[in-house]
Amino acid sequence: MARSTPLAALSCLILLNCLKPLISWPANDKHASDMSQPDFDQYLGDYLKPGDTVALLLDYDGTLAELTSHPNLTQMSDEMRESLRNIANSGKAFVSVISGRDVDGVKEKIGINNIIYSGNHGLEVLYPNGTRHNQGIPKDVADNFDKMIDHLNREVVHHGSWVENKRVSITFHFREAEQKYVPEMAARAKEIIESYGYRANPAHASVEGKPPIQWNKGLAAEYILGSSFDPNWRTRKVLFAGDDTTDEDVMKMIKGTGRSFRVTKDKDLVTNADYKIPSVDAVYHLLKWIESRVV
Ligand SMILES: [Mg+2]
């Protein structure tokens, strides 16, 4: 039997709506087209309902703020800050920012009180009431910290390289050093870092010196959620966004229970995240979407 005209028109409308292109792409889908604005209704509409309580975990550099040539130059936009503040103060959201920066540095950059800040990839935690929790670093290693920095400053800091002191770890930066000096200064920095009992990891135009303990952002997120959000946090709603390989540990940790977003324009990149989103601006729209659910 033929459909009546209004019903046929309605079916056509529904079909057209279903065929409209996705405005972002699922993680690990190389063939998805490049889109600018993700459809968070589609990604999260069934997961986070109006009135739900949510734990929101975020990276800072490259996620809440655009990357710059020097960490001091990085700024979060006023709009992003306002949205994050609204979420943090909604009474329905638990917010934590877990960064590679030192914890006081990341708190200063964001400047919102009602957030649990974690620095040094989770080694340090700073609570809104000012109390701190640091993962146990062996005393003999911790005692070497200042000596290691002095040694690096004396021997490998020259021609544009510099040491970032992050209180429990360091980063030796050579992005702005004269190229002809880089191989030797990077190799020597690694030797010096290791001679003081720290682990030397190659990073982007830098060498990181970290204490020799097994800890990462994923374990830090698990600790923060379990101790401050809910011991049964796996039964609750958890969202995370990050842009770097160190953020993958969080994505892995909440896989299956939470929802995660990897900020990247690389469609070939394989990630543990549930979705890829292309930019810091897309993170802003993610926050606005969450704000619309909790405020
Ligand atoms: Mg980052």
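Residues numbered from 1 in each chain as written. Predicted model: local features only at pLDDT ≥ 70, side-chain atom pairs only at ≥ 80, totals over all residues.

## Regarding the overall build of the protein
Okay, step 1: Scanning the protein from N- to C-terminus turns up 10 helices and 13 strands.
Okay, step 2: Taking all 295 residues of the protein together, the buried fraction comes to 41%.
Okay, step 3: Once local pairs closer than 6 in sequence are excluded, the contacts in the protein between residues at least 24 apart make up 56%. (Helix = DSSP H or I, 4+ residues; strand = E, 2+ residues; numbered from the N terminus. Buried ≥ 20, exposed ≤ 12 C-beta atoms within 10 Å, placed from the backbone. Contact = placed C-beta atoms within 7 Å.)

## Digging into the nonpolar core
Okay, step 1: Counting 56 residues, the largest nonpolar core has A55, L56, L57, I87, V283 and L286 as its most contacted members.
Okay, step 2: The contacts of I87, once residues within four sequence positions are left out, are L56, A93, V95, L287, I290, E291 and V294.
Okay, step 3: Formed by 17 residues, the second largest nonpolar core is a distinct cluster that contains F145, M148, A189 and V207. (Core = buried A, V, L, I, M, F, W, Y, C linked by C-beta atoms within 7 Å.)

## A closer look at the pairing of strand β2 (residues 54-58)
Okay, step 1: With five of its five residues buried, β2 lies for the most part within the structure.
Okay, step 2: Covered by surrounding structure in β2 are V54, L56 and L58 together with A55 and L57, the residues of both alternating faces.
Okay, step 3: Handedness of the crossover joining β2 and strand β3 (residues 93-98) through helix α3 (residues 78-88) is recorded here as right-handed.
Okay, step 4: In this structure, β2 lies alongside strand β11 (residues 237-242), joined through five bridges in parallel fashion. Across the sheet, residue V54 finds its bridge partner in β11, namely K237. (Right-handed = clockwise from strand over helix to strand, strands pointing away. Pairing = 2+ DSSP bridges.)

## Comments concerning the packing of α3 against helix α10 (residues 280-294)
Okay, step 1: Contact geometry of α3 with α10 gives a least axis separation of 9 Å together with a crossing angle of 30°. On the basis of their axis angle, the class for α3 and α10 is roughly parallel. Of the two elements, α3 crosses α10, and the hand of that crossing is left-handed. Mapping the contact onto sequence places E79, M80, S83, L84, N86 and I87 in α3 and Y284, L287, K288, I290, E291 and V294 in α10.
Okay, step 2: Class assignment for the residues of the contact of α3 with α10 results in seven nonpolar, two polar and three charged. (Axes fitted to C-alpha atoms, helices over the stretch in contact; angles between N-to-C directions. Parallel < 35°, antiparallel > 145°, perpendicular 65-115°, else oblique. Left-handed = near helix turned anticlockwise from the far one by under 90°. Nonpolar A, V, L, I, M, F, W, Y, C, P; charged D, E, K, R; others polar.)

## Focus on the sheet that holds strand β8 (residues 170-173)
Two modes of strand pairing occur in sheets, parallel and antiparallel, and in both the strands are linked by backbone hydrogen bonds.
Okay, step 1: Spatially, four strands are ordered β7-β8-β10-β9 in an open sheet, and the strand pairing comes out antiparallel. Every other strand in the sheet has two partners, leaving β7 (162-165) and β9 (199-203) as the edge strands with one partner each. Strand-to-strand twist across the sheet, computed as the mean angle between neighbouring axes with direction ignored, equals 20°.
Okay, step 2: Contacting β7, β8 and β10 (206-210), helix α6 (residues 145-155) crosses the sheet at an angle of about 160° to β7.
Okay, step 3: Together, β8, β9 and β10 form the strand contacts of helix α7 (residues 182-195), whose direction differs from that of β10 by roughly 0°.

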